[in-house]
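Fold and contact review
Single-letter residue listing:
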Amino acid sequence: MKVKVLSRNPDDYVRETKLDIQRVPRNYDPSLHPFEVSREYTRALNATKLERVFAKPFLASLDGHRDGVNCLAKHSTSLSTLLSGSCDGEVKVWNLTKHECVRTLQAHEGFVRGIIVRYCGTSFFTVGDDKTIKQWKMEAPGYGEEEEPLNTILGKTVFTGLDHHQKKGVFATCGQQVDIWDEQRSSPIRSFTWGVDSFSSVRFNPVETDLLGSCASDRSIVLYDMRESTPLKKVIMTMRTNTLCWNPMEAYYFTCANEDYNLYTYDMRFLEKPIKVHMDHVSAVLDVDYSPTGQEFVSASFDKTIRIFSKDGGHSREVYHTKRMQHVICIKWSADNKYILSGSDEMNIRLWKANAAEKLGVLSPRERQATNYNQKLKEKFQHHPQIRRIARHRHLPKSIFHQRNELRVMKEARQRKERNVRKHSKPGSAPVVSEREKNVVAVVK
Amino acid sequence: MASPVEPSVNVSHVEKKKKPPARYWQEQQDEEKHKNKDEEQTEEAVQQDEEKQTRKTKKRKQIDDLTNENKVISGKTDPFPGPASISKDRMQKFKRKEKTQKPHMRHYKLKDIITRAEEASEMAQKQAARFDLLLPEEAGFLEGDEDEDTCMISQEDIADAVDITSGAKYFNLKLTQFGPYRVDYNKTGRHLLLGGRRGHVACVDWQTKQLMCEINVMESVNDVKWLHSENMYAVAQKKWLYIYDSNGIELHCIRQFNDVLRMQFLPYHFLLATASATSFLQYLDVSVGKEVAAICTKTGRLDVMCQNPHNAIIHLGHPNGTVTLWSPNQKEALVKMLCHQGGVRSVVVDKTGTYMVTSGMDKKLKVFDIRAFKPLKSYFLPAGASCLSLSQRGLLSAATGDIVQVYRDVWSAPVSKPYMAHRVRGTVWGLHFCPFEDVLGVGHGEGFTSMLIPGAGEPNFDGLDANPYRNAKQRQEWEVKALLEKIQPELISLDPTELGQVDRATFEEKHQDRVQALGFDPLATEKFVPRFKKKGRSSAGGVERRKKQVAHMDQRDVIRKTVEDKVKMEEERKRMEEKKAALSGQKSALDRFRK
C-alpha cells in the first residue's frame, strides 16, 4: 500500500515572528475563484462610486489682483511659477506651491492683453492696451532698484495677443495685423494681413515651430508660415473664434474656442470640416489649453464653468464650477499634467486638479497598484449602464442645468424642422448637413 | 481524481512525486530518460504554435540571440534559449474564453483595443501557467499493492501508515445521546459544526480538537450551516431559523423563516438559502439581514437541496423524481429535470458546475452534465445512496445505510468498485468533505467520524480567498474585502460569465428603435382586406395580384437604379485611384501643408 495524505507544515504558511509580514500563498486556478466576472464588476462599481466620493478638484484660490484676470502664462522651466496679468495693467508672479504672490509689477496702463514667458525662462513679454510690448526679467529687482522693463517697444496700434517661438528669439503679436518680431529689433520683421480685421489671438505651433495660427474678428481662423511672406490659408466659420490651441503632440491638429458655445478640432490640412465638434458649454467659450500629453484639453467659458474634453470626444468628461467663480477668461493646463489653472472675472486665479479624484502626493507602491487596478476595472466595465450612470453624474448649477436643457430642446426642434422640410421637399434638394459641416462657411487659400 | 475539466487527469500521482534535487554527481542522462515523452510532444506543439504566431518577433529574437551568444565571455552557448515552454494542458487550465472575432477594418480603434486586451490576457494566462510550477503542495493518493483493492484498506491502516498529524485526522466522536448528526465544515476547512437531531449543537476547531462551543437548543435541529466566517452559524430548528455566534450565544431568531429543513450558504453573495417543509425556498442576505426572495415552489416538502458553486443556482430534489433549479430572481424554476423514477434522495454539484450527481429511491446513482442537461452515467447501487458529497478534486462519497463509499472518476470512466469504503456505527445522516484536507466528515446516529480520504482535498489554497492558517486580524481584513465585493443577488444566473459578454441588440430591439425613430413600421405588411365585391367586377384576389405586379415593377426599377449607381461609383473610384497613383509620384515635403 502506498499512501500520501495532505499534511501541511504550518511553519510554511504562518509568519515566523510578529515583525514579519503575513504569508499569503496564492493559487491562480480559475476553479478556486468562482464568479470572477461578477466580482470584478462589483469591484468596478465600488471603484466608480469611490471615485465620485473622492472627486474634490478644487485646490486653492490665489487672490491678490485688483481687477479681473485677463491672461495667464506658464513658466517654461519652473512648474511652481505662474504669471498672470489683470485688467488694470498689473502683472503678478505666483509661487504655486506656497499659494502666494512673489512679485507684483505695474506693467501697462489699461488691460494686460497678453503675457508669455520666453522659452529659456529668464524673461517674459507683456503686451497691453497702451500699445506697448515690454520685456521683463524673471528675477525680481534687487533692494532699492526700480522695477523696469528690459525692453519696451512702442507699437502703432493696440496689441491683443502675444506668443513666443519655441526655440528662437522670435515672437508674434496680433492686433490690427499679425506681426512677427525679432527680439533684437524694434520693428516687426514680418506683418501679415488678410482683409481689414483685427485679430484676437495668435499661437505658435509647438511642434512645427514656424507655423502659427490666429483668430480674426471676421469669424476666420488664419494659418501662417513664418518663413513665407503671405498667410497660408484661412477658414471662415459662422461665428467668431476666440482663441485656438495647437495639440502639442500632433502637429496638424488644433482646437479652437468658438462663440457658438462649441469647440472645434481641425486638421490643418483639411479645413473643410472639423474633425470633431466638442459641445457642452452653454455660453461662449473664451479660452482653451491642451494637456502636455495632447490627449485632453480644458476650456474656459463665459458660462462660469471649466470643462475638460478628450481630444476625440464630442462631450466633456468633467465640469468644474464654484459658486464664487464668475466668467472664466483664461485657462492653462500645467506642464506636469496634474493641475489646471483658471483666471476669472472676479479677480481670482484658481488651482484645480486635472483628475478630480486623484490622490495627490507620494503614493505607496500598494496604493499605486490599487489605483491602477481600479482604473483598469473602471475602463473594462465602463459601458455597463449602472457604472456609466454613476461615472457620468455631475452636479451642475441650476442656471446651467436649465440652460443646457433649453439648448437641447432648441436643437431638437431645429432637427425636427429640418427633417420635416426634407420630408416635404424634392428628394435631394434638402440634403443632410452634418453637425461638423454646418459651421464652416468657406476655406480660402 | 481532479475536477473534471482539470487537464491533469491523465497524469497519475506517482509521476508527480517530488524528486530529490539534482546533484552534480548524478548523471544527467539518467534524468532525461525519466522524462515523459507525451509531455515533451505537447510542449513542442505549443512551441510550434508560438513560433507561428510570432514569427516576426522570433526573428528579431534570433538576431538578438546571435549577438548575445557572441557576448558570453566563457564562449559557451545557452543550452535552453528563449523562454521556458509551457505545456498545452496547463495553458488550457487558465484559459478564460475563446478569442473574439475582430471587427471590420473600419473600426480600427476598437480592433486595436481588442488586440491589446487579448495580448495582455494571453500574457496573464502564460504567467499563471508558469506560476503553477511553483505551487508548494501536491495532492494525496492511495494505491494498493498487486491484488490489493484500495477499498479493502481500512482507515486504521491508513492512519497508521501516514504521519502522526495526519493520522490524528481519523477519529470518532461517540455521541450517542442526541444523534443522528448533521455536519458542516466552514470555507477554510478549519472548523466543524455538528448538529444533533435532538438539539445538540457543537462547533469544534477540529484539527486542534478544541471545542469552541457546545449547546443544546432543546428543540429538534434539522440542519446546521456555517455563515461566511467561523464567527457565526445558522441552525434550522423545529420552528424557526436561529443564528448563533461561535460562543453559542443566540444572535437572531428569524421568524420569517419557519420549518426550515435544509440550508445552503452562498459565500460570494452572502446569501443563506433555505428550503422549508412548507415548500418555500427563501433567501436571506446575511450581510444586511434582509429577506431577498421568498419563492413558493409548490412542490411539497423540500428536504433535498444543494447549490451549484459555479453559478450559485440552488438545486432542489423532489419526491416525484424531478430536480429543479432556482435563482432568487425568478418565481418559477429555471429548469426542471426528471432524474429518477422514484423520489430524489440526494443531489450534489461539482465545483466547476459541470456535473450533477443525484441518487434516488430507485437505488440509482446518476451523473448529469448540468450545462447541457444531459445524462452521462447511471449506476445501480444495491442499497441506494442516502447522502452524497463531492470533494474539491472530484471524489464522490455516497452513504448507503451505515456504509460510506467513496468513488473516483464517476463521470469520466465507468466505475465498477469504490475507491474506498468504511462502515460507521449508525445510519449516516450527513456527509461533508473538508475543504483543503484529505478528510471526509460523516455524521451518523452514534456521533461523528472523521475519515481519511487521500486525494480528496485541493492541496494549494489561495491565501486571499480561503486561508486555513489565517489569524483573527487576517480574517477581519478578509471579511471587509469580501463584504465590499459582495455580489448582488440580481447577478445570479445560469451562466456566470454572461456579465462579461457583449450585449448585442437583438433584431427586435433594433427594429423597435427604428420604428420609434421613423414613426412608422417600415417592415409592416399591409393587411389584406377583401373588397366589397360587386357582381361582374374582377375578383378581390385578381385585384390583389395586379397590385402586387405593379409593386414589383416599382421594386425592379429601384433595383435597376441602385445597380447602375453602384457601377458608376465603382468607375469613379477606379478613376480616382488612377489619379492618385499618378499624383503620388510627384510630391514635395511641403505638400503636407497643402490640400
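Residues numbered from 1 in each chain as written. Chains lettered and ligands numbered in written order. Predicted model: local features only at pLDDT ≥ 70, side-chain atom pairs only at ≥ 80, totals over all residues. Heavy atoms only, no water.

1. Notes on unusual backbone geometry
One non-glycine residue, B:Lys298, lies in the positive phi region at around 55°. Inspection of the secondary structure puts B:Lys298 in the loop between β14 (290-296) and β15 (304-308). (Helix = DSSP H or I, 4+ residues; strand = E, 2+ residues; numbered from the N terminus.)

2. Concerning the UniProt feature "domain: Sof1-like protein" (unreviewed entry) in chain A
According to UniProt, the feature "domain: Sof1-like protein" (unreviewed entry) maps to residues 354-440 of chain A in the numbering used here. Across residues 354-440 of chain A, helical content stands at 62% and strand content at 1%; the span's end C-alpha atoms are separated by 31 Å. (UniProt positions renumbered as here; feature names shortened; annotations may be inferred.)

3. What to know about the sheet that holds strand β4 (residues 191-196) of chain B
Residue and element names in this part refer to chain B. Taking strand neighbours across the sheet as the criterion, the four strands line up as β3-β4-β5-β6 in an open arrangement whose pairing is antiparallel. At either margin of the open sheet sits one strand with a lone partner, and together these are β3 (181-185) and β6 (210-216). Going across the sheet, the axis of each strand differs from the next one's by a mean of 15°, ignoring polarity. As paired strands, β4 and strand β5 (residues 200-205) are joined by five bridges and run antiparallel to one another. Residue pairing for β5: leucine 193 is matched across the bridge by cysteine 203. (Pairing = 2+ DSSP bridges. Axes fitted to C-alpha atoms, helices over the stretch in contact; angles between N-to-C directions.)

4. Observations regarding the UniProt feature "repeat: WD" (unreviewed entry) in chain A
Residue and element names in this part refer to chain A. Per the UniProt record, "repeat: WD" (unreviewed entry) is found at residues 62-104, 278-310 and 321-362. Helix makes up 0% of residues 62-104 and strand 58%, and the two end C-alpha atoms of the span are 13 Å apart. Within the segment residues 278-310, helix and strand shares are 0% and 55% respectively, and the terminal C-alpha atoms sit 9 Å apart.

5. Re the pattern of salt bridges
Residue and element names in this part refer to chain B. Counting across every chain of the model gives 55 salt bridges over all chains. In this structure, arginine 182 and aspartate 223 form a salt bridge, with 3.2 Å as the shortest nitrogen-oxygen distance. Note that arginine 182 is positioned in strand β3 and aspartate 223 in strand β7 (residues 221-226), a separation of 41 residues in sequence. Here arginine 182 and aspartate 223 have matching classes, each one buried. Across the pair lysine 225 and aspartate 184 runs a salt bridge whose closest N-O atoms are separated by 3.6 Å. Linking lysine 225 in strand β7 with aspartate 184 in strand β3, this pair joins segments that are 41 residues apart in sequence. Each of the two residues, lysine 225 as well as aspartate 184, counts as buried. (Salt bridge = Lys/Arg side-chain N within 4 Å of Asp/Glu carboxyl O. Buried < 20%, exposed > 50% of the residue type's maximum accessible area, 1.4 Å probe, protein only.)

6. What about the packing of aromatic side chains?
Enumeration over the complete set of coordinates arrives at 23 aromatic pairs over all chains. Aromatic pair B:Trp226 and B:Tyr233: ring centres 5.7 Å apart, planes at 80°, arrangement edge-to-face. Taking the relative accessible area as the measure of exposure, B:Trp226 reaches 2% and is therefore buried. Classification of B:Tyr233 by relative accessible area gives buried; the value is 0%. Members of the aromatic cluster, joined through ring pairs, are A:Tyr13, B:Phe436, B:Phe461 and B:Tyr469. We note A:Arg269 situated over the ring of A:Tyr252; from NZ or CZ to the ring centre the distance is 3.7 Å. The ring of B:Trp478 carries the charged tip of B:Arg470 above its face, separated from the ring centre by 4.7 Å. (Phe/Tyr/Trp six-rings, centres within 6.5 Å; stacked < 30°, edge-to-face > 60°. Lys NZ or Arg CZ within 6 Å of the ring centre and 35° of its normal.)

7. Focus: the environment of A:Pro188
Residue and element names in this part refer to chain A. With respect to the element layout, proline 188 can be found in the loop between β13 (178-182) and β14 (190-192). According to the relative accessible area criterion, proline 188 is partly exposed, its value standing at 31%. When the C-alpha atoms of proline 188 and glycine 155 are compared, they prove to be 9.5 Å apart, with 33 residues separating the residues in sequence. Discounting chain neighbours no more than four positions away, the residues touching proline 188 are Asp179, Ile180 and Trp181. (Contact = heavy atoms within 4.5 Å.)

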